[in-house]
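What follows is each chain in one-letter form.
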Amino acid sequence: DGDPTDVVFRSVNGTTGETIWHYQPDLDPIVRRVFYQAASRGVTVGHGKVYLGGGFASTSFFAFDAYSGEMDWAIRAPDGGPTAAIIKDRWVIFNTESCTLFVADAETGDLRWSRWLGDPLMSQPAAAGELVFSAYPAGETYKFGAFRLEDGTWSQPRNLGGRINTEACEMYASVSPDGCYLFYH
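Notes on the structure in this doc start here. (Residues numbered from 1 in each chain as written. Predicted model: local features only at pLDDT ≥ 70, side-chain atom pairs only at ≥ 80, totals over all residues. Heavy atoms only, no water.)

## What about the packing of aromatic side chains?
Put simply, the rule is: Aromatic pairing here means that ring centres of Phe, Tyr or Trp (its six-membered ring) are within 6.5 Å. Orientation follows from the plane angle: under 30 degrees is stacked, over 60 is edge-to-face, and everything else is tilted. Note on conventions: DSSP H or I runs of at least 4 residues are helices, E runs of at least 2 residues are strands, and numbering of each starts at the N terminus. For every residue, the accessible area obtained with a 1.4 Å probe (protein chains only) is divided by the maximum for its type, and the residue is called buried under 20%, exposed over 50%, and partly exposed between those limits.
This model, assessed by the stated rule, comprises 11 aromatic pairs. The interplanar angle of 35° and the centroid separation of 5.6 Å between the aromatic rings of Trp21 and Phe64 together place this pair among those described as tilted. Note that Trp21 is positioned in strand β2 (residues 19-23) and Phe64 in strand β5 (residues 60-65), a separation of 43 residues in sequence. Among the residues examined, Trp21 registers a relative accessible area of 10% and is labelled buried. Between Trp113 and Phe147, the aromatic rings sit 6.4 Å apart at their centres with planes inclined by 45°, giving tilted as the arrangement. Here the residue Trp113 occupies a position in strand β10 (residues 111-116), and Phe147 occupies one in strand β13 (residues 141-148), the gap between them amounting to 34 residues. Of the aromatic side chains, those joined through ring pairs into one cluster are Tyr51, Phe61, Trp73, Phe94 and Phe102.

What follows is the structure, given as structure tokens:
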């Protein structure tokens, strides 16, 4: 405990502090020490599951039963660095640091669609209404894209004016629960 290379994911009883279940990926020691930092992975909870991005040194994204810790399903990405996910309705949405946005059925793990956006993707996606938003590389800066949640289609990007599209590098977005506000930096 306390060692940043100790790659163990735990479910803990909030009252007693007792570990209910844990998962420890099988990693080569050098990979664990050099590439698998705590900041490169995240946990999302919903639909009775715990969703876990495998982190920078991994190509896997996992769903565990939240109560038993049994692995329900896993998705193998074609590139590395599955991130923490977001959940929108029946979908779990995540991207990889190395370029791809994914939308999968939160219950079954069946992949609905994926889209390569460019290298690197440095922010978590956001969703509101029927859209998924993601920043993607565009030359020496980043732009926001909006993709239909149902099928991943999108239209040609357009400039929304200086209040949204500035000269800065906007990357991290989140949408308010009512879908009326976009927050980013």
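## Quick look at the sheet that holds strand β6 (residues 71-76)
As a reminder of what qualifies: Each pair of strands is called paired provided DSSP finds at least two bridges between the two strands. Only the contacting stretch of a helix is used when fitting its axis, a line to C-alpha atoms as for every element, and angles between N-to-C directions run 0 to 180 degrees.
Spatially, β3-β4-β5-β6 is the arrangement adopted by the 4 strands of the open sheet, whose pairing is antiparallel. In this open sheet, the two edge strands, each paired with only one partner strand, are β3 (43-46) and β6. If you compare each strand with its neighbour and ignore which way they point, the axes differ by 15° on average. Inspection of the sheet shows β5 paired to β6 by 5 bridges, in the antiparallel sense. Each residue of the ladder has a partner; that of Phe62, found in β6, is Ala74.

## Some thoughts on the pattern of salt bridges
Working definition: two side chains of opposite charge can pair if their charged atoms are close together. We apply this condition: Salt bridge criterion: a side-chain nitrogen from Lys or Arg within 4 Å of a carboxyl oxygen from Asp or Glu.
Counted by the stated rule, this structure contains 6 salt bridges. The shortest N-O distance in the salt bridge between Lys49 and Glu107 comes to 3.8 Å. Of this pair, Lys49 sits in strand β4 (residues 49-53) while Glu107 sits in the loop between β9 (100-105) and β10; the two residues are 58 residues apart in sequence, bridging distant segments of the chain. One salt bridge in this structure joins Glu150 and Arg112, with 2.2 Å as the shortest N-O distance. Residue Glu150 is located in the loop between β13 and β14 (173-175), and its partner Arg112 is located in strand β10; the two are separated by 38 residues in the primary sequence. The class of Glu150 is partly exposed, set by a relative accessible area of 36%. Taken together, the salt bridges that share partners define one network made up of Lys49, Asp72 and Glu107.

## Some details on the sheet that holds β13
Think of a sheet as strands paired side by side through backbone hydrogen bonds, with each pair either parallel or antiparallel. The sheet built from 3 strands is open, its strands ordered β11-β12-β13 with antiparallel pairing. Each edge of the sheet is formed by a strand with only one pairing partner; in this case those strands are β11 (126-128) and β13. Neighbour to neighbour, the strand axes of the sheet diverge by 30° on average, direction disregarded. Of the pairings in the sheet, the one linking β11 to strand β12 (residues 131-138) comprises 3 bridges and is antiparallel in character.

## Regarding the side chain of Lys88
Worth spelling out the cut-off: A 3.5 Å cut-off defines polar contacts: any pair of N or O atoms within that distance qualifies, except that in protein one atom must be a possible hydrogen donor and the other a possible acceptor, and neighbouring residues in sequence count only when both atoms are side-chain atoms.
Within the secondary structure, Lys88 is located in strand β7 (residues 86-88). For Lys88, a relative accessible area of 18% translates into the label buried. In this structure the side chain of Lys88 is engaged in a polar contact, spanning 3.3 Å, whose partner is the side chain of Asp89.

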